Structure formats: C-alpha cells, structure tokens
Amino acid sequence: MFYGDYHTHTIYSHGKGSVEDNVRAAEKKGLKAIAITDHGISGYPDNLNPEDFDSFMADVAESRRLHPDIKVLAGVETNLISCDGDVDLPQSFSERLDLVVCGFHFARVPSRLTDFFDFWLPNMTPLVRSGAKRIARNTDAYIRAMERYRIGVISHPLRSCKVDLKVLGEAAARLGVYMELNGKSMCMSADDLRTLAETGCKFICSSDAHESERVGDFSAADKFVAAGLDLSLIVNYNGEPSFR
C-alpha cells in the first residue's frame, strides 16, 4: 500500500548495510521507490564524510542500473545545528541530491561554541528543553532551515527537540515540506498528530531503517490511523511524493 520508503541509512553513516542491501530489501517487499538518506554531510562521527560523497553517489547509480524496476533516490538526513536554522549540508552537495531530510540529533554536536550553548545544550537538558522560550526558538530554527534550504522532510518531530507543532505544521504546509511518521522514533501522540493535520500539512511515513531488514517498516502509520486520521494525508500511501 506504500509506494516507497524515503528514510533509510547505510554504512556510509551509522547503518549496518550497504546501499545495495537496502535496495534489494525494498524490492523484495514490493516497494516502487527507496531513498538512501545517510546523516550529514559533515565528516562528523557516524555521518557521511564529504570525501565519501562521490562513492556514495556511485553506489546509488550502480543500484539504479542493477534494479531498473525500483526508483532509487540519493538523499541525506542533515542535522539541524543552530537557532539560526543552520544545517551541516554544503550547497554543493545538496544540488546533487534528490531528497533532503532534516532533523535534530543529539549525537551531532555543533562546532561553534555559541551553537553548543544556545541550541544543543538546552535541548539536552530536560528542565530547559520543554520551556516555552526553548520551544519557540526550536520552532523558529526549523522554519529558518526550511526557508533557507531545499528540505523536503522534517524527520521524527519532537524527538529531543520540542517544537510548537501548530506553528511548524503551518510553515511546512506553506513551504511544501512533509512531516514524518517515523517507524524508529515515533514521538508524537494522537493529539500531536491531530494538531499537525489541522494545519493542512502533509505527512510521509518512513522506516528510518538502520538495518536492511527494517526497510519498508511503515508501522508508524498505525498510530496515525488510531488518531482517527485519513491515510490519504500520507503522501507515499498509494502514490509517489514530490520533493522540493
């Protein structure tokens, strides 16, 4: 029922399989598309190294050649690293990609001290990260990132980085960015999902697979249905999404 899985990782970041492993798994499960979206690109531990980018693209191209019946997209899950909406994806790399996913990851520590103390550290401190000012700053950071970069998907909303879902959803709807239902880190409640749906934004359901065996895990959609929401709001359900 799902057209493709648009968030998967390989050994180029901290996944356990190759590009080819993920593509074979997707094909075996009857998917028509798969995106390889490794972390970065920064050279930071467990992120895609800039010097490995050509090899990454070559592996994607080879899988396309070997598997003409499935659409293989080259993507990245870039890291949100500042209140200003900075991400660790140089423009020169972004231009060569089919898809850019963006999320906050505690394992990606900003290199600038101001970003460390003003953005990363507060989101790691439970007593701070849920405060109203912090939520507003996080929300603004995501919106600035969506406005500045060609981001197509916000990955695992609310994980480690609390936001105002109504404000973020409205911006995502305006900019044509999809909000992710993440099979590995589904942090949104039924009320959260309904709040987002009311903004008019669209959703995308992905596995966030770090092992090829988990490619095609769309179990996060179960929570969407349980919230009383229509699967037609999920862009890769019975159809092919269009990314910025």
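For the structure, see preceding data.
Residues numbered from 1 in each chain as written. Predicted model: local features only at pLDDT ≥ 70, side-chain atom pairs only at ≥ 80, totals over all residues. Heavy atoms only, no water.

J.: Would you mind going over the pairing of strand β6 (residues 178-182) in detail, with residue names and values included?
T.: Summarising burial for β6: 5 of the 5 residues are buried, a large majority. The side-chain alternation of β6 yields two buried faces, one formed by Y178, E180 and N182 and the other by M179 and L181. In terms of strand pairing, strand β5 (residues 153-154) meets β6 through 2 bridges, oriented parallel. Among the inter-strand pairings, I154 is bridged to a residue of β6, identified as M179. In this region the chain leaves β5, passes through helix α7 (residues 165-175) and returns to the parallel neighbour β6; the handedness of that crossover is right-handed. Pairing between β6 and strand β7 (residues 203-206): 4 bridges, direction parallel. Of the residues in β7, the one forming a bridge with N182 is S206. (Buried < 20%, exposed > 50% of the residue type's maximum accessible area, 1.4 Å probe, protein only. Helix = DSSP H or I, 4+ residues; strand = E, 2+ residues; numbered from the N terminus. Pairing = 2+ DSSP bridges. Right-handed = clockwise from strand over helix to strand, strands pointing away.)

J.: Before we move on, could you go through the sheet that holds strand β2 (residues 33-39) and cite the residues and values that matter?
T.: Remark on secondary structure: sheet strands pair via backbone hydrogen bonds, oriented parallel or antiparallel. One open sheet accounts for 7 strands, arranged β1-β2-β3-β4-β5-β6-β7; its pairing is parallel. Two strands in the sheet have a free side with no partner beyond their single neighbour: β1 (4-8) and β7. Lying on the sheet, helix α1 (residues 19-28) is in contact with β1, β2 and β3 (71-79); it crosses β2 at an angle near 150 degrees. (Contact = heavy atoms within 4.5 Å. Axes fitted to C-alpha atoms, helices over the stretch in contact; angles between N-to-C directions.)

J.: Account for the packing of α1 against helix α2 (residues 53-66), naming residues and giving values.
T.: Two numbers describe how α1 lies on α2: the axes approach to 9 Å, and their chain directions differ by 35 degrees. As α1 runs across α2, the sense of the crossing is right-handed. Between α1 and α2, the residues in contact are V19, E20 and V23 and D59, V60, S63 and L66, respectively. Considering only residue class, the contact of α1 with α2 consists of 4 nonpolar, 1 polar and 2 charged. (Left-handed = near helix turned anticlockwise from the far one by under 90°. Nonpolar A, V, L, I, M, F, W, Y, C, P; charged D, E, K, R; others polar.)

J.: I'd like a rundown of a nonpolar patch on the surface, residues and numbers included.
T.: Where nonpolar side chains cluster on the molecular surface, the patch consists of L113, F117 and L121 and spans about 300 Å² of accessible area. Assignment of secondary structure puts L121 in helix α4 (residues 113-123). Taking relative accessible area as the criterion, L121 reaches 32% and is therefore assigned partly exposed. (Patch = residues over 30% accessible without salt bridge, like charges linked within 9 Å, V, L, I, M, F, W, Y side chains within 5 Å. Areas by Shrake-Rupley, 256 points an atom, 1.4 Å probe, with all protein chains shown as cover. Salt bridge = Lys/Arg side-chain N within 4 Å of Asp/Glu carboxyl O.)

J.: Mind laying out the nonpolar core, listing which residues take part and the relevant values?
T.: If you look at the biggest cluster of nonpolar residues, it comprises 64 residues, and the most contacted ones within it are F56, L97, L181 and F203. The residues touching F203, leaving out its near neighbours within four places in the chain, are Y178, M179, L181, L193, L196, A197, F224, L233, I234 and V235. Within the second largest apolar cluster, 11 residues are counted, among which are A33, A35, L99 and V101. (Core = buried A, V, L, I, M, F, W, Y, C linked by side-chain atoms within 4.5 Å.)

J.: I'd like a description of helix α8 (residues 190-198), backed by residues and values.
T.: Of all the positions in α8, only L193, L196 and A197 are classed as buried. Buried residues of α8, viewed axially, fall in a sector of 100 degrees; they line one side. Opposite the buried face of α8, at more than 90 degrees from it, the exposed residues are D191 and E198. Looking at the packing, one finds that the buried side of α8 touches α7, β6, β7 and α9 (220-226). Immediately downstream of α8, the backbone of G200 shows phi near 90 degrees, a positive value. (Arc of directions from axis to C-beta.)

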